[in-house]
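Structural characterization, general
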Amino acid sequence: MSKIIEKLKDVVGAGRIMTGGSIAERPTSFWNHDSTQAKAIVLPISTDEVSALLHCCHDHEQSVVVQGGLTNCVAAAESTPADVVLSLEKMTRIDEIDVIGCTAVVEAGAILQSVQEAVAEQGLYFPLDLGARGSCTIGGNIATNAGGINVLRYGMMRNLVLGLEVVLADGTVISSMNRMLKNNAGYDLKQLFIGTEGTLGVITRAVLRLFPQPASRQNAIVAMRDFDAVSAFLNHVQQQLAGTLSAFEIMWGDYFAAVTGKGGHRAPMSRDHPYYVVLQSEGGDPDAGAERFEAVLASALDDQLIVDAVIPKSTAEARAIWEIRENFEAILEPEPVYLYDVSLPIRDMDDYVADVKSKVSQCWPNGECYTIGHVADGNLHFFVQPNETGDFHDASDECVYAPLTAIGGSVSAEHGIGTEKLNWLSHSRSATEIELMRSLKKNLDPKNLLNPGRVLAR
Ligand SMILES: Cc1cc2nc3c(=O)[nH]c(=O)nc-3n(C[C@H](O)[C@H](O)[C@H](O)COP(=O)(O)OP(=O)(O)OC[C@H]3O[C@@H](n4cnc5c(N)ncnc54)[C@H](O)[C@@H]3O)c2cc1C
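These figures come from a predicted structure and were not determined experimentally. (Residues numbered from 1 in each chain as written. Predicted model: local features only at pLDDT ≥ 70, side-chain atom pairs only at ≥ 80, totals over all residues. Heavy atoms only, no water.)

1. Observations concerning the domain arrangement of the protein chain
- Once the domains are mapped, the protein chain shows domain 1 (3-87), domain 2 (94-212), domain 3 (216-327) and domain 4 (332-432).
- With 9 residues of domain 2 at the contact, the number on the domain 3 side is 14 residues.
- Across the domain 2 to domain 3 interface the summed buried area is about 850 Å²; carbon plus sulfur atoms make up 44%.
- When the area that domain 2 buries against domain 3 is broken down by residue, the three leading residues are Ile 149, Leu 152 and Arg 153, summing to 65%.
- Here domain 2 and domain 3 share 2 salt bridges between them.
- We note a salt bridge from Glu 282 to Arg 153, for which the minimum N-O separation is 3.6 Å.
- The tally of links from domain 2 across to domain 3 stands at 6 residue pairs in polar contact (both at pLDDT 80 or more).
- The element best represented in the side of domain 2 that touches domain 3 is helix α6 (residues 151-154), accounting for 3 residues. (Domains from an automatic or database assignment. Contact = heavy atoms within 4.5 Å. Buried area = accessible area lost by both parts, 1.4 Å probe. Salt bridge = Lys/Arg side-chain N within 4 Å of Asp/Glu carboxyl O. Polar contact = N/O pair within 3.5 Å; in protein donor to acceptor, adjacent residues only side chain to side chain. Helix = DSSP H or I, 4+ residues; strand = E, 2+ residues; numbered from the N terminus.)

2. Here we look at the site of the ligand
- Around the ligand, the surrounding shell holds 36 residues, and the nearest of these are Val 66, Thr 71, Asn 72, Thr 137 and Asn 451.
- One of the backbone N or O atoms of Gly 147 is found 2.9 Å from an oxygen atom in the ligand.
- Here Gly 148 contributes a backbone N or O atom positioned 3.3 Å from a nitrogen atom of the ligand.
- Relative to its unbound accessible surface of 980 Å², the ligand loses 96% to contact with the protein. (Near = heavy atom within 4 Å. Areas by Shrake-Rupley, 256 points an atom, 1.4 Å probe, with all protein chains shown as cover.)

3. Considering helix α3 (residues 47-59)
- In this model α3 runs 18 Å from its N-terminal to its C-terminal C-alpha over 13 residues, within 8% of the 18 Å that 1.5 Å per residue would give.
- Burial in α3 covers these residues: Thr 47, Glu 49, Val 50, Ser 51, Leu 53, Leu 54, Cys 56, Cys 57 and His 58.
- Backbone geometry just after α3 places Glu 61 at a positive phi near 50°. (Expected span 1.5 Å × (residues − 1). Buried < 20%, exposed > 50% of the residue type's maximum accessible area, 1.4 Å probe, protein only.)

4. Side note on the pairing of strand β13 (residues 245-252)
- With 8 of 8 residues buried, β13 is to be regarded as a mostly interior element.
- As judged from the 7 bridges shared by β13 and strand β14 (residues 275-283), these two strands associate in the antiparallel manner. The residue of β14 that forms the bridge with Leu 245 is Ser 281.
- As paired strands, β13 and strand β17 (residues 368-374) are joined by 2 bridges and run antiparallel to one another. Within β17, the position partnered with Met 251 by the bridge is Ile 372. (Pairing = 2+ DSSP bridges.)

Right under this line is the structure:
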């Protein structure tokens, strides 16, 4: 047994370190079902243990890969046989919910959905929400600056984090557990760790910002005949719903038809429209909220901004509509399928999507390019499916990313860079920006041991 494994075992005890065959039983990630590869997987239960583990790895020049719920979409938490994996899965405590200050103190391994449910029991609301809510962790959400379906109203994870506790690569603990909305005392150090994909430190605890639980929620799915109508309808509901619009999710018609096909979700309306939007509004008065919501949709129908609308009559019906947008398992076969996450101005979206779809069909005549997105955030996702056997990742990247540069888009709206988009970072960030990133990394992790090769190429 190597010396480093013995040292790590001294920190966590034999029961919370995995080596050999037990590692191979764990899938690499939500997306990649191959066996995990690692020298060892350690499962700390406290910040002190994380600190001791990192201190030890630092002394032995041992690389460390940090893992939360393994749901990220950019191969950011994948390890090699040379790495030690540090998984936060045993640090799931919700230490405190402050109903006056509207804050929660949670450990980084807490599952997003558990946090949402725990604060809801106290009449409060944690608005970060995404399809992976049942598996992803708060630490992973912070490290990726996750977005999801409510960004339009509440912002990304960055806007929902008030304080952080972080362990640096050498084991130093930085406790910055601020609970206030305002604190301009010097640099806001937590920002160094939000969205930096675990390359600058391991997040162990966080203070989250909560909101009052909305008393009412209205949902609908609507259809449009062209993209101009999508933009016009977005303006319409943003103005008419007076700040209560919390989600506005677009699905191109080919995506909707594919996931509602044979054996898929039940289609609540015709499957032939070119565009669909699922929207949600949150408010404080169930009766008035529902009345206003219906009136706003009715006027959109009158003005022909939308051509059909279905308002669910129960929570189960609302969930079924959201499943169409969030559960895309039906299009993950046949492999390979390449998932993308880009951002660009809304006004450029329709032409850009048409351009990408045309490039995909030039490369693969039987290929598909399904498109969905958080349209109000300028964020689109593609699922490129060549429908041919082979590895076409580079060609597929070219179809999606190359046309972005001219319109000033970004190769990553919310998923990050991970290891998958390293070659494309320079399309969205200048040489001087990348140089500053490298100098921050060098300063905080001079030996390049923490999540090496993520965000910045080795
Ligand atoms: C069905 C589905 C839907 C999704 N929808 C969305 C969406 O709408 N919006 C969105 O933004 N993302 C979405 N994602 C992607 C994913 O859920 C998010 O990126 C999520 O924030 C990752 O959290 P995780 O705990 O799974 O992190 P992991 O995948 O385990 O790790 C992600 C990154 O964070 C690092 N990390 C994890 N924990 C820590 C920690 N404690 N300290 C430091 N670094 C850490 C890892 O090293 C890695 O670099 C979706 C994924 C799926 C499967």
